[in-house]
Structure formats: structure tokens, C-alpha cells
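Summary of the model geometry
Residue-level listing of the chains:
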Amino acid sequence: MVKLDHNNHSVGQSAYHIVIRPKYNVCVFRHSWVKQVCEEALNFVAEKYKITIYEMKVMPGHVHLFIGIPPTLSLSKSFQLLKGISARMIFQKCTKWKSFFSYRGKKKPHLWSAGKFYRSVGNVRAEVIENYIANSNKWDFDYLDKTQSTLEAY
């Protein structure tokens, strides 16, 4: 269960389930080494900006994150930091992908698509999100609603 954050002048929770995808729906993270580079990059960004990663799953074509963000950071800024810095770090180590994602070398490469999925976990229990990320291999967001309904019945 995600605990409330106690800060100098506030108490609260800002936890989200987010999903990010590479541009062109390319399965960039099929290889274990690239997957590891992505995990290390996201962990680096999270540590630097005090973003808590409760659960992370790097799938071949997308990344699931269950994160807690500090009250000084907006959700959009969190996306910007996670996607921007991780892309730069991944391109530094995976030069093949850098050339692939820059249009014939004429444009700056962009690893992540502009789209994103996010859901505040205020309406579902943290265990549901952790379980979904840990055990899911597909895009079935109805699973969250079904699981939450089952848990609320108890």
C-alpha cells in the first residue's frame, strides 16, 4: 500500500500508473540488454528527481511504471523528465536506435511517442496496480476495474 507523504506543509499522495511507448510502435526492448539499459535510465531519473518507482515492467513495445511523484513536481513535468533523460541515456548506449529514430539523420532523434497513458491510483488500491504491472503482458485496462470491483466486495 502506498503511504501518505508527510512534507513540511502538506500531507498527501500523488501516485500514478503510467505507460509510455516508443515511436512508431517499434519493439525496442525485445533484447535483454536494451531492456536493462532502459530500466537503469528510468531508475537514474527517478532517483535524481525523487520520483518513487513502486513497480516497473519494461515490455518489448512499452513500459509500465507505478510511480509516486513529489508535490513539487507536476505529472507533465514527470513525463518530460522520465522520457527525455531516459531517451538521451538510451541513445548514448544504443547508437543503432539513435540512428533509427532520427529521420535519415536530418532530425533530432525522439525515442518516445508523444502519447502517454496515466491513471491516478486514488480510485484503485496500490496492490491492484502492482499486480497488474507485474503480471500483465497486454493492454487490458479493463482488468483494473474488474480487479478493483472484486477487492471492494471483500
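These numbers were taken from a predicted model, which means no experiment stands behind them.

Another point: unusual backbone geometry. Within the chain, Tyr24 stands out as a residue other than glycine whose phi angle is a positive 65°. Of note, Tyr24 is situated in the loop between strand S3 (15–20) and helix H1 (32–48). Relative accessible area serves as the criterion here: at 54%, Tyr24 is assigned to the exposed category.

Here, disulfide denotes a covalent bond that connects the sulfur atoms of two cysteines. Under the criterion given, the structure shown has 0 disulfides. Between Cys38, a free cysteine, and Cys94, which holds the nearest cysteine sulfur, the sulfur-to-sulfur gap is 9.3 Å. Note on Cys38: relative accessible area 0%, which makes it buried.

Side chains of nonpolar character tend, in soluble globular proteins, to be buried together. Formed by 34 residues in total, the largest nonpolar core has its most connected members in Phe29, Val63, Ile90 and Trp112. Looking at this core, the elements with two or more residues in it are S3, H1, strand S4 (52–58), strand S5 (63–68), helix H2 (75–93) and helix H3 (95–101). In terms of residues, this core owes the most to one element, H2, which gives 8 residues. Apart from residues no more than four positions distant in its own chain, Ile90 is found in contact with Phe29, Val37, Cys38, Ala41, Leu111 and Trp112. Core analysis: the second largest hydrophobic core is formed by 5 residues, Phe66, Val121, Tyr132 and Ile133 among them.

Before going further, it helps to examine the environment of Gly115. For Gly115, the position within the fold is in the loop between H3 and strand S6 (117–120). Here Gly115 falls in the partly exposed class, since its relative accessible area comes to 41%. Separated by 96 residues in the primary sequence, Gly115 and Val19 place their C-alpha atoms 9.2 Å from one another.

This paragraph deals with the packing of aromatic side chains. In total, this model carries 9 aromatic pairs according to the counting rule given. A centroid spacing of 5.0 Å and a plane angle of 45° characterise the contact between Tyr54 and Phe66, whose relative ring orientation is tilted. Here Phe66 lies in strand S5 and Tyr54 lies in strand S4, a separation of 12 residues in the sequence. For Tyr54, a relative accessible area of 29% translates into the label partly exposed. When its relative accessible area of 0% is taken as the criterion, Phe66 is described as buried. Members of the aromatic cluster, joined through ring pairs, are Tyr24, Phe91, Trp97, Phe100 and Phe101.

What counts, and at which threshold
- Residues numbered from 1 in each chain as written.
- Predicted model: local features only at pLDDT ≥ 70, side-chain atom pairs only at ≥ 80, totals over all residues.
- Heavy atoms only, no water.
- Helix = DSSP H or I, 4+ residues; strand = E, 2+ residues; numbered from the N terminus.
- Buried < 20%, exposed > 50% of the residue type's maximum accessible area, 1.4 Å probe, protein only.
- Disulfide = S-S within 2.5 Å.
- Core = buried A, V, L, I, M, F, W, Y, C linked by side-chain atoms within 4.5 Å.
- Contact = heavy atoms within 4.5 Å.
- Phe/Tyr/Trp six-rings, centres within 6.5 Å; stacked < 30°, edge-to-face > 60°.

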